[in-house]
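Below are the chains, spelled out letter by letter.
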Number of protein chains: 2
Amino acid sequence: MRILLATRNPGKIAELRRILAGFDIVGLEEFPEIGDVAETGVTFEDNALLKAREVARQSGLPSVADDSGLCVDVLNGMPGVFSARWSGRHGDDQANLDLLLAQVSDVPDDKLTAHFTCVAALSLPSGESRVAEGVLPGHLVRAPRGSGGFGYDPIFVPDGDSRTTAEMTADEKDAISHRGRAFRALAPIVHELLAP
Amino acid sequence: MRILLATRNPGKIAELRRILAGFDIVGLEEFPEIGDVAETGVTFEDNALLKAREVARQSGLPSVADDSGLCVDVLNGMPGVFSARWSGRHGDDQANLDLLLAQVSDVPDDKLTAHFTCVAALSLPSGESRVAEGVLPGHLVRAPRGSGGFGYDPIFVPDGDSRTTAEMTADEKDAISHRGRAFRALAPIVHELLAP
């Protein structure tokens, strides 16, 4: 059974292949006619479902999509779905991170708790959809550290570790990541709906 | 009975005098030795109580303080207590407003609901404290309008009106404002604890 993962990121595709062994996972590189889906939702679930449904509709394949971001407790869970455009400029990681640090500069250290959240959605061409969530709890540090990862990784330290996620190897980060957790939580749902 | 309002803003003092007729309302201009109180709280209530308690302690008078901000629904209630430093630069109204508009630029118009919130706190020199909240519901507009008020007033339209709060006269805004509502909600508490 083929499943389309709504991404052009080979790392994401390889990760889902490991988690959903037994399925034939393909990425958007096999569907060049499918363009980007606008992420106009206001929750991770909204955006993951928007993408999974649209890609399933256009491809005719069961499709998986995800949306994720950093949720800071003193900001009531923001940047959240706005993580990639927090500074108002989409995809400017440095500006987003700088703004976040400036906003929390007066917040006491012990209140800098945060978590990465990912919601993964499965949509069938019939329209049926299901979602699963993965969370990585931790806290923010004020001085960025590490060159791995992207986005807010240099200022996020997962619970139980002293390194930022930007100081971990890709394998170490994959093992605990919110996206890995969401994909693994989605796996039994995929098996239930699409048993090969 | 004298009550100290923790502000140097004559407009705020006049407003509280109208609402608490029968009390002798004074402002911080009569207590030049009392410095600014750091707003290190993460809720409006935290900050209003921090200020009211500190000012009551230093002055020996029953003291009223308030904290307020703009709460945008798609941002989970943020900027909230961070309203005056949303861009990371404290008190830069234009930068704060520009950032907020950029962040919500992809959000559909019908999801731009928001409210101004104010929490007013009364603290007695004994340490006893009470709080009251005032809310002004409305929505955001993308193009700033009007030159009155301050902060986010040029992009906030209260429910039941078509003007931004920056397009209203000071009297019109006072009549509906979140701060006026919080002060009026606090009035019976002041009378109960401090009946002249």
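Just so we're clear, the structure is a prediction, and the values are computed from it rather than from any experiment.

Rules used in this analysis
Residues numbered from 1 in each chain as written. Chains lettered and ligands numbered in written order. Predicted model: local features only at pLDDT ≥ 70, side-chain atom pairs only at ≥ 80, totals over all residues. Heavy atoms only, no water. Contact = heavy atoms within 4.5 Å. Buried area = accessible area lost by both parts, 1.4 Å probe. Salt bridge = Lys/Arg side-chain N within 4 Å of Asp/Glu carboxyl O. Polar contact = N/O pair within 3.5 Å; in protein donor to acceptor, adjacent residues only side chain to side chain. Nonpolar A, V, L, I, M, F, W, Y, C, P; charged D, E, K, R; others polar. Disulfide = S-S within 2.5 Å. Buried < 20%, exposed > 50% of the residue type's maximum accessible area, 1.4 Å probe, protein only. UniProt positions renumbered as here; feature names shortened; annotations may be inferred. Helix = DSSP H or I, 4+ residues; strand = E, 2+ residues; numbered from the N terminus.

> Account for the interface of chain B and chain A, with residues named and values stated.
Every contact between the two is made by 19 residues of chain B and, on the other side, 19 residues of chain A. Across the chain B to chain A interface the summed buried area is about 1800 Å²; carbon plus sulfur atoms make up 62%. A per-residue breakdown of the area chain B buries against chain A is headed by Val42, Phe82 and Gln103 of chain B, which together make up 25% of the total. Linking chain B to chain A there are two salt bridges. One salt bridge connects arginine 85 of chain B with aspartate 106 of chain A, and the closest N-O pair in it is separated by 3.5 Å. Viewed at the interface, chain A and chain B are joined by three residue pairs in polar contact (both at pLDDT 80 or more). Residues that form the side of chain B that touches chain A fall into these classes: 10 nonpolar, six polar and three charged.

> Mind laying out the state of the cysteines, listing which residues take part and the relevant values?
Residues and elements named next belong to chain A. Tallied over the full model, the rule gives zero disulfides over all chains. With no disulfide partner, cysteine 118 has as its closest neighbouring cysteine sulfur the one in cysteine 71, 11 Å distant. The exposure class assigned to cysteine 118 is buried, which follows from its relative accessible area of 0%.

> Can you break down the UniProt feature "binding site: Mg(2+)" (unreviewed entry) in chain A residue by residue, with the values?
All names here are of chain A. Here the UniProt-annotated "binding site: Mg(2+)" (unreviewed entry) positions come out as Asp67. Along the chain, aspartate 67 turns up in strand β3 (residues 63-72). In this view, aspartate 67 contacts Glu39, Thr43, Phe44, Asn47, Ala48, Lys51, Val81, Thr117, Cys118 and Val119; residues no more than four positions away in its chain are not counted. Among the polar contacts made by the side chain of aspartate 67, one reaches the side chain of asparagine 47 at a distance of 3.1 Å.

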